[in-house]
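# Working through the structure, step by step
The primary structure of each chain is shown beneath.
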Amino acid sequence: MPRPHRRLASTCIGTVTAGLLATGAALAAPEKEQPKGSDIAMGAFLDSGQTGVARIPQLSRWLGGKEIRVGHTYLPGDRWARIENPDFLEAWAQWRRAKPDRLFVLNVPMQEHNEDHVPDREVARLIRAGAEGQFDHHFEKLAHRLVELGVPDTVIVLGWEMNGATYTHRCAPDPEGWKEYWNRIVNTMRSVPGQRFKFDYAPNRGSDAIGWTKCYPGDDVVDVVGMDSYDQAPGKTFDEMVKQPYGLQQHVDFAKAHGKDISYPEWGLFRHGDNPAYVQRMLKWIEQHKPLYHTITDYCPHGVWQCKQNPRSAKAFRAALAPERPGPVIPTPVVPTPVIPTPVVPTPVLPTPSIPTPQIPTPQIPTPGLPVPSPVVPSPQLPAPDPSPETPGTGPSPEPAPEPVPVPSPAVPSPEVPVPAPEPVPVSPEPVEPSPQVPAPESPSPEPVPEPVPSAAVPSPQTPVDPGTGPSPEPVPVPVPVPVPEPSPVLPPAPDPVPVTPKPEPPANSTQWCVPVNFGEWLSKLVGKQSVCVKVDWGKDSGFWPW
């Protein structure tokens, strides 16, 4: 015997499992589509032949997938041969056999030349001939043909709108003879083995040429009491169509009194144009009274799908009949579009023209073969020496020799920009006489000038010596106090300045040589003839004094 808590757990598990199984079964069961409104069989007359059959699924898609259960067509009433065996019946029979809940409704005329406006006297004669059985064999052949095609339960709308004044099978010229003729046709077709036909008695709404109740042939030969009701007189409003004599209400009451189903084989717009109120009221009436079937006449001016002149009524029709959830929509086959390759046109490659660069000869400057003494850079840190002149031959006291600074070769001045004369720069005098200096060419970029040393003697400017007279005694330089400049604001560190060799004026004991420079014939015409002059100082320390 299991313990109580185990038994409780088993009970709970079983309950939950049963609930899950029930839920899964409910989810797995296919949900039945609930049509909007009732499931009353509806259809439309779309065309008499095979075209009408082909348009049925298209109408269904237009209605959002609503099933079209009624196929409705008419036999041609021009001659007996086409009433007995029309060539398009096989297509309709095939459509009907596809599903067991479909209805095939066939309007059958009672005379040939049915729409040839035959006069009343001739119509009366034909009615009597039919009542006597002269046309029975035509209807017998038709019944056999329907049974052979597998549609023995066809709904036959025989002699429709018999209360009117149009068709040759109308009732007004001889109502009593007409009822006898109806009975003879029905009995002849029912005599064919295998048939299960239903005969639909369908007059026009209203009195028309004769009250339709006066043509009623009897309950034993009528299965359905139908009515064709278009939006036209008699009656301007739908309420008038309902209440008028032989109107919609009397039709429903009459069928109920005779124990018959009702139908609306033909209804639609007409005299009042695009009238959505009529469409809405008619569909509500159908929903209320549950006919066996109803079919709208869908061509202009009556229709709502194939007739584009009634857009508001079409919208009302779809809103009333389309299901809440659209049914399966048959996809339109997609035809692949052939891809046509685009021709590729090669782009011509044009060679880029090459322009030769002209060669300009470089001017050659002859270098004079003169000895260039090494310049002596004055040291700014040494104390100022006594400016007294030294005795020739003894020489100055030995001092540390500064590092020689390479002197660039003399540059040729540009013919377009004149070279300015060098300005004297205050420097500290050396204890020795300045060595002969070669004027340094001006550098393309400005160079920083070293700060002057305080209390340094500035040599007086030297008078240039004419090369033809020779040197004159050099004056003794007098020390001149140099003012100390105010400290400059601190600037960011700059690159180390390159010391600039002072350029004193050449002493009196100097000689100047000028050498012509050949720039070539082409450049000489452009800049003119130029000469390079070099001054050489023959100081006493050079060993070339003339005395």
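All values reported here derive from a predicted model rather than from experimental measurement. (Residues numbered from 1 in each chain as written. Predicted model: local features only at pLDDT ≥ 70, side-chain atom pairs only at ≥ 80, totals over all residues. Heavy atoms only, no water.)

What follows concerns unusual backbone geometry. Residues Ala233 and Pro234 are joined by a peptide bond in cis, for which omega reads 5°. If you trace the backbone, Pro234 turns up in the loop between β7 (229-230) and α8 (238-243). In this structure, Pro301 follows Cys300 across a cis peptide bond, with omega equal to 5°. You can see Pro301 is positioned in the loop between β9 (293-297) and α11 (311-321). Phi at His117 is positive, roughly 55°, even though this residue is not glycine. Look at His117 and you get exposed, because its relative accessible area is 65%. (Helix = DSSP H or I, 4+ residues; strand = E, 2+ residues; numbered from the N terminus. Buried < 20%, exposed > 50% of the residue type's maximum accessible area, 1.4 Å probe, protein only.)

To continue, consider the pattern of salt bridges. Close approach of charged atoms allows side chains of opposite charge to pair. In this structure the tally under the stated criterion is 14 salt bridges. Between Asp101 and Arg69 there is a salt bridge whose closest N-O contact spans 3.9 Å. Linking Asp101 in the loop between α4 (89-97) and β3 (103-108) with Arg69 in the loop between α2 (50-62) and β2 (70-74), this pair joins segments that are 32 residues apart in sequence. Among the salt bridges present, the one from Arg96 reaches Asp153, with a minimum N-O distance of 2.6 Å. A residue pair is termed long-range when its members are at least 10 positions apart, and Arg96 in helix α4 and Asp153 in the loop between α6 (136-148) and β4 (155-158) qualify at 57 residues. (Salt bridge = Lys/Arg side-chain N within 4 Å of Asp/Glu carboxyl O.)

Considering all chains together, one arrives at 21 aromatic pairs under this definition. Residues Trp212 and Tyr246 carry aromatic rings whose centres are separated by 6.0 Å and whose planes lie at 70° to one another, so their mutual orientation is edge-to-face. Taken as a pair, Trp212 in the loop between β5 (198-201) and β6 (224-226) and Tyr246 in the loop between α8 and α9 (248-257) lie far apart in primary sequence, 34 residues in all. On the basis of relative accessibility, which here comes to 0%, the residue Trp212 falls in the buried class. Look at Trp267 and Phe317: their rings are 6.2 Å apart centre to centre, the planes differ by 40°, and that puts the pair in the tilted class. (Phe/Tyr/Trp six-rings, centres within 6.5 Å; stacked < 30°, edge-to-face > 60°.)

Another aspect to go through is helix α5 (residues 120-131). With twelve residues, α5 extends 16 Å from end C-alpha to end C-alpha; this agrees with the ideal 16 Å at 1.5 Å per step. Among all positions of α5, only Val123, Ala124, Leu126, Ile127, Ala129, Gly130 and Ala131 are buried. Along its buried surface, α5 packs onto α7 (175-190). Gly133 sits one or two positions beyond α5 and adopts a positive phi of about 95°. (Expected span 1.5 Å × (residues − 1). Contact = heavy atoms within 4.5 Å.)

As a further point, take the confidence of the model for the chain. Confidence along the chain averages 73 in pLDDT terms, with 52% of residues attaining 70 or more. Within the model, the stretch residues 1-35 combines pLDDT values under 50 with seven contacts to residues more than four positions away or in other chains. Note that pLDDT drops below 50 for residues 499-504; the model gives that stretch ten contacts with residues more than four away or on any other chain. (pLDDT = per-residue confidence, 0-100.)

Looking now at the packing of α6 against α7. Packing of α6 against α7 brings their axes to within 8 Å, and their N-to-C directions diverge by 40°. Between α6 and α7, the crossing angle belongs to the class labelled oblique. Read as a crossing pair, α6 and α7 show a hand that is right-handed. In this structure, α6 uses Asp136, Phe139, Glu140, Leu142 and Ala143 to contact α7, whose residues at the interface are Tyr181, Arg184, Ile185, Thr188 and Met189. (Axes fitted to C-alpha atoms, helices over the stretch in contact; angles between N-to-C directions. Parallel < 35°, antiparallel > 145°, perpendicular 65-115°, else oblique. Left-handed = near helix turned anticlockwise from the far one by under 90°.)

Because each turn of an α-helix spans 3.6 residues, side chains separated by three or four positions in sequence point in the same direction. All of the buried residues in α9 are Leu248, His251, Val252, Phe254 and Ala255. Along the long axis of α9, the arc covered by the buried residues comes to 165°, so they all point the same way. Opposite the buried face of α9, by more than 90 degrees, sit the exposed residues Lys256 and Ala257. Tucked into the core, α9 has its buried residues touching β6, β7, α8, β8 (261-268) and α10 (276-289). Count one or two residues on from α9 and you reach Gly259, which has phi positive near 70°. (Arc of directions from axis to C-beta.)

This part is about the state of the cysteines. Tallied over the full model, the rule gives two disulfides. There is a disulfide in this structure between Cys171 and Cys215, and the S-S distance comes to 2.1 Å. Across the S-S bond of Cys171 and Cys215 the torsion is about -100°, and the bridge reads as left-handed. In this pair, Cys171 sits in the loop between β4 and α7 while Cys215 sits in the loop between β5 and β6, placing the two residues 44 residues apart along the sequence. Classification of Cys215 by relative accessible area gives buried; the value is 0%. The partner cysteine of Cys300 in its disulfide is Cys307, sulfur to sulfur 2.0 Å. Judged by the sign of its S-S torsion, about 105°, the bond between Cys300 and Cys307 is right-handed. (Disulfide = S-S within 2.5 Å.)

On to the pairing of β2. Most of β2 sits inside the fold, with five of its five residues counted as buried. Because side chains alternate across β2, one face comprises the buried residues Val70, His72 and Tyr74, and the other comprises Gly71 and Thr73, equally buried. A crossover connection joins strand β1 (residues 41-45) to the parallel β2 through α2; in handedness this β-α-β unit is right-handed. Both β2 and β3 contribute to a ladder of five bridges, which runs parallel. Along β3, the bridge assignment pairs Thr73 with Leu106. (Right-handed = clockwise from strand over helix to strand, strands pointing away. Pairing = 2+ DSSP bridges.)

Structurally, His72 can be placed in strand β2. At a separation of 2.9 Å, a polar atom in the side chain of His72 contacts the side chain of Asn107. Within the structure, His72 has its side chain in polar contact with the side chain of Thr295 (distance 3.1 Å). Each residue touching His72, except ones within four places of it in the same chain, is listed here: Phe45, Asp47, Trp92, Val105, Asn107, Pro265 and Thr295. (Polar contact = N/O pair within 3.5 Å; in protein donor to acceptor, adjacent residues only side chain to side chain.)

A few words now on the side chain of Lys179. Note on placement: Lys179 falls in helix α7. For Lys179, a relative accessible area of 19% corresponds to the buried category. Here the side chain of Lys179 touches Glu176 through a polar contact of 3.2 Å, side chain to side chain. What Lys179 contacts, discounting residues up to four positions off in sequence, is Lys214, Cys215, Tyr216 and Pro217.

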